[in-house]
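Per-entry structural report
Residues per chain are reported as follows:
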Amino acid sequence: MTSMSTRTYSPTVNDRFFEPLNEAIAAASGLWPCREFPDEQWLRMGVQRVLEASESGRGFLQEHGLRFDPAPDVANYFASLRSPRRCQLAREVHEGLIAAVEARVSDRLGDIPELARYACLAADGHWHKAAVHDPRHDGSKLAVGHFYALNLRTHTLRHLAAGEGLHEHDMSALKRIKPKGLRQGVPKGTRVLMVYDKAGIDFDYWDRCRRECAVYFLSRVKERMVFAWVADHAWDQNDPRNHGVLGDWKVHSRQGHVLRLIMYQDPLTGEVYEFLTNEPDVPPGVIAELYRRRWEAEKVFDELKNKLGQKKAWGTTLVAKEAQALMIAMTHNLLLAYEYDLEQRHDLTNTAEDQRRRQRIESAERACAEMNWPMSSLLLVARRATQRSLKFIRWLRHAIRDRLAESVAVARLRELYAVL
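Bear in mind that the values here come from a model prediction, so they are computed numbers and not experimental data.

**What to know about the overall build of the protein**
Looking only at helices and strands, the protein features 13 helices and nine strands. For the protein, the spread of C-alpha atoms along the three principal axes comes to 85 × 55 × 45 Å. Buried positions account for 52% of the 420 residues belonging to the protein. If you take every contact in the protein between residues at least 6 apart in sequence, the share linking residues at least 24 apart comes to 68%. The distance from the centre of the 62 positive side-chain charges to the centre of the 56 negative ones in the protein is 3 Å.

Here is the structure:
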C-alpha cells in the first residue's frame, strides 16, 4: 500500500487582502450575471487600479489586465465605469465593506468615556484633476470634487457625494446629502458629532440636523463672526484633558442660535483657537482634541493622492467619477483592515514608524515642560498611524502581483518594518 502525499493550502496575501471585499460582494443584492466582465471582477479590478496607482485606464489594462481571467477589452472596461447599475452596486458593496471593517478594527476613541454614545466623523471635500476628455470652461478644466467622511473611531472612509456643477460649495453638497444622510446609518440612541472646517458653517442647517436626526456639529469660528455671551459653561479645570482650554461659554449668534464657544491655546505654538459646537456635554479639552483630529482626514486625502496616485478623474461622466470615488474609499478601508489583521495575527507592526511617533510626543512634552505649560493628556497618548506607509503599500502591491503566500510575504515585511 503506497502512501499519498498531502499538500496543505497556504493562503496568499491576495486571498487575505480581498477577503472582506469578497464577503461584502457575496452579501450584495445588486449583482448581475455578465460572462464577459463579471461584477465581482469589476469591483476587484477597481480596487487594484487604485492600489497600483494607475492614472490611465488603458495603461492599467495593458500592464495588469492579463492577470485577470477573463481580461476585459478596453471598450467593455470603460463602458462599465459609465454604468449606473454598476455604480449603485459599488455603493452597496462600499457600505457593506465599511460595516465589515468596522467590526474588525480597534476603537481609537475608546479611552474617552464621554464619547461612548457618539459617532465622531470628520467630513470634508477633496479635489483632484479633471479627466482627460472633460470639457473646458473658459479655457480650463475644473477640478473634480468629492465629499468624504472619516470615522474618527475606526478610520474607515465613506464617500458621501460627488460634487455637482462647476465647483460645488461644501454647504450645497451637505444640504443635498440631508441630515439623514449625514447620520450614515448610525443606529438610534447614538448621537453623531460631525467635525467640519469653516466652510461647513450654516447654523440654520446644523440646527435642523440636531432637531431631526441628532447630528451635532463642531467647527472653528470664522473671521468677523459676532456672538453675544449668555453664560459660562461649567468645566473641570483640574481634568488634565482640559489643559490648554482658556474658556468655555454659552453664546448666541446674531440669528439667535445658542452655541458653545471654546477657546483653546496650543501648548507648542501658543496659537489660540476658537471652536464652535452645538454639542452641550463633552468636556472642552475633548472638543479641542476632536477638531485637532480632523486633520487625520487631510492625512488620508494625502495618502490617496501621493501614495495611491489618485490625482485625476477616471472618466467624464458623474457616474464614472462616483464609481472611482467608491473604489478609492474601498481601497483605503481594505488597506486599513489588512494592516490591522496582520498586527493581530502576526504581531506585525511598523516598529520604525511607531518609534518616530513616540519620539515626536516625547519631544513635544519636553518642550512644554521647559515653558512650564502643561500639555493636555490627550496629546500624550500614542495613537495608531493615520495613513498607511509606503513600505506597506509597496510590499502589498508586490505580494498581490506575485500571489505570494502570506507566510513568505510576512517575513519580508517584518524585515522592512525593522529598518529605521
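Once you've had a look at it, read on.
**With respect to the environment of Val-221**
Assignment of secondary structure puts Val-221 in the loop between β5 (215-220) and β6 (228-232). Measuring from C-alpha to C-alpha, the distance between Val-221 and Ile-262 comes to 9.7 Å, with 41 residues separating the pair along the chain. In this structure, Val-221 is in contact with Lys-198, Phe-227, Leu-261, Glu-274 and Leu-276, ignoring residues within four places of it in sequence.

**What to know about the nonpolar core**
Counting residues in each nonpolar core, the largest one holds 89 residues, and the members touching the most others are Phe-17 and Met-330. The element contributing the most residues to this core is helix α10 (residues 318-346), with 15 residues. If sequence neighbours within four positions are ignored, Met-330 has contacts with Leu-21, Leu-43, Val-47, Ala-90, Val-93, His-94 and Leu-97. Counting 30 residues, the second-largest nonpolar core is a separate cluster that includes Ala-149, Ala-161, Met-171 and Trp-206.

**Some remarks on the pairing of strand β4 (residues 191-195)**
Most of β4 sits inside the fold, with five of its five residues counted as buried. The alternating pattern of β4 places Arg-191, Leu-193 and Val-195 on one face and Val-192 and Met-194 on the opposite face, and all of these are buried. Pairing between strand β1 (residues 118-128) and β4: five bridges, direction parallel. In the strand pairing of β4, Ala-119 is matched with Val-192.

**Considering the packing of helix α2 (residues 39-51) against α10**
Packing of α2 against α10 brings their axes to within 9 Å, and their N-to-C directions diverge by 75°. Taken together, the axes of α2 and α10 are roughly perpendicular relative to one another. Taking contact as the criterion, the partners of Trp-42, Leu-43, Gly-46, Val-47, Val-50 and Leu-51 in α2 are, on α10, Ala-323, Met-327, Ile-328, Met-330, Thr-331, Leu-334 and Leu-335. Residues of the contact of α2 with α10, tallied by class, amount to 11 nonpolar, two polar and no charged.

**Focus on the pattern of salt bridges**
Evaluation of the coordinates by the stated rule reveals 32 salt bridges. Between Asp-39 and Arg-85 there is a salt bridge whose closest N-O contact spans 2.8 Å. Residue Asp-39 is found in helix α2, and its partner Arg-85 is found in helix α5 (residues 84-102); the two are separated by 46 residues along the sequence. On the basis of relative accessible area, Arg-85 is assigned to the partly exposed category, the value being 32%. Where Glu-289 meets Arg-292, a salt bridge forms, and the shortest distance between an N and an O atom there is 3.0 Å. In this pair, Glu-289 and Arg-292 both sit in helix α8 (residues 284-292), three residues apart, roughly one turn of the helix. Residue Arg-292 is classed as partly exposed on the basis of its relative accessible area of 34%. By sharing partners, the salt bridges in this structure join Arg-117, Arg-191, Asp-248, Arg-260, Glu-279 and Asp-281 into a single network.

**What about the layout of surface pockets?**
Of the volumes computed, that of the largest pocket is approximately 1,300 Å³. Forming the walls of the largest pocket are 43 residues, and the residues nearest its centre are Arg-292, Arg-357, Arg-360, Arg-383 and Thr-386. At the level of secondary structure, the elements contributing two or more residues to the lining of the largest pocket comprise β9 (272-277), α8, α9 (295-307), α10 and α11 (351-370). Here the residues of the lining of the largest pocket sort into 19 nonpolar, six polar and 18 charged.

**A closer look at the side chain of Thr-154**
Mapping Thr-154 onto the fold places it in the loop between β2 (144-151) and β3 (157-162). Residue classification places Thr-154 among the buried residues on the basis of a relative accessible area of 10%. Side chain to side chain, Thr-154 and Glu-102 meet in a polar contact 3.4 Å long. When residues no more than four places from it in sequence are discounted, the contact partners of Thr-154 are Glu-102, Val-105, Ser-106, Arg-108 and Leu-336.

**Observations concerning the packing of aromatic side chains**
Within the structure shown, the criterion is met by 16 aromatic pairs. Here Phe-203 and Phe-217 contribute two aromatic rings whose centre-to-centre distance is 6.3 Å and whose plane-to-plane angle is 45°, an arrangement assigned as tilted. Residue Phe-203 is located in helix α7 (residues 203-213), and its partner Phe-217 is located in strand β5; the two are separated by 14 residues in the primary sequence. With respect to burial, Phe-203 and Phe-217 carry one shared label: buried. The ring of Phe-37 is capped by Arg-86, whose NZ or CZ atom sits 5.2 Å from the centre of that ring.

Definitions and cut-offs
- Position numbers for residues start from 1 in each chain and track the written sequence from start to end.
- Two thresholds apply to this predicted model, a pLDDT of at least 70 for residue-level local features and 80 or more for giving and counting side-chain atom pairs, whereas whole-chain, interface and lining totals are computed over all residues.
- No hydrogens and no water enter the side-chain calculation; it runs on all heavy atoms of the structure.
- Numbered from the N terminus, helices here are DSSP runs of H or I no shorter than four residues, and strands are runs of E no shorter than two.
- Categorising residues by exposure relies on relative accessible area from a 1.4 Å probe, with only protein chains included: less than 20% of the type maximum marks a residue as buried, more than 50% marks it as exposed, and the intermediate range marks it as partly exposed.
- Every residue pair with non-hydrogen atoms within 4.5 Å of one another is taken to be in contact.
- Note on charges: Lys and Arg go in the positive column, Asp and Glu in the negative column, and His and the chain ends are not counted at all.
- Where a charge lies is defined by one atom per residue type, namely NZ (Lys), CZ (Arg), CG (Asp) and CD (Glu).
- Throughout this description, the term nonpolar core refers to a set of buried Ala, Val, Leu, Ile, Met, Phe, Trp, Tyr and Cys residues connected via side-chain atoms within 4.5 Å.
- We call two strands paired when DSSP finds no fewer than two bridges between them.
- Angular values range over 0 to 180 degrees, each being the angle between N-to-C directions of two axes fitted as lines to C-alpha atoms, with helices fitted over their stretch in contact.
- Note that the term roughly parallel is reserved for angles under 35 degrees, roughly antiparallel for angles over 145, roughly perpendicular for angles of 65 to 115, and oblique for everything else.
- Just so you know the grouping, Ala, Val, Leu, Ile, Met, Phe, Trp, Tyr, Cys and Pro go in nonpolar, Asp, Glu, Lys and Arg go in charged, and all remaining residues, Gly too, go in polar.
- Just to be clear on terms, a salt bridge is a Lys or Arg side-chain nitrogen sitting within 4 Å of an Asp or Glu carboxyl oxygen.
- A pocket here means an open set of points on a 1 Å grid, computed over the protein atoms alone, that has protein on both sides within 12 Å along at least five of seven lines. A cavity is instead a set of points where a 1.4 Å probe fits but cannot get out; residues with an atom within 4 Å of a point line either one.
- Grid points are joined across faces, edges and corners, and a volume is the space filled by probe spheres set on the points.
- Whenever two N or O atoms come within 3.5 Å, that pair is a polar contact, provided that in protein one can donate a hydrogen and the other can accept it, and provided that, for residues adjacent in sequence, both atoms are side-chain atoms.
- Between the rings of Phe, Tyr and Trp (Trp by its six-membered ring), a pair exists once the centres lie within 6.5 Å; its type follows the angle of the planes, with under 30 degrees stacked, over 60 edge-to-face, and the other angles tilted.
- In this scheme, the term charge over a ring applies when either NZ of a lysine or CZ of an arginine sits within 6 Å of the ring centre and within 35 degrees of the ring normal.

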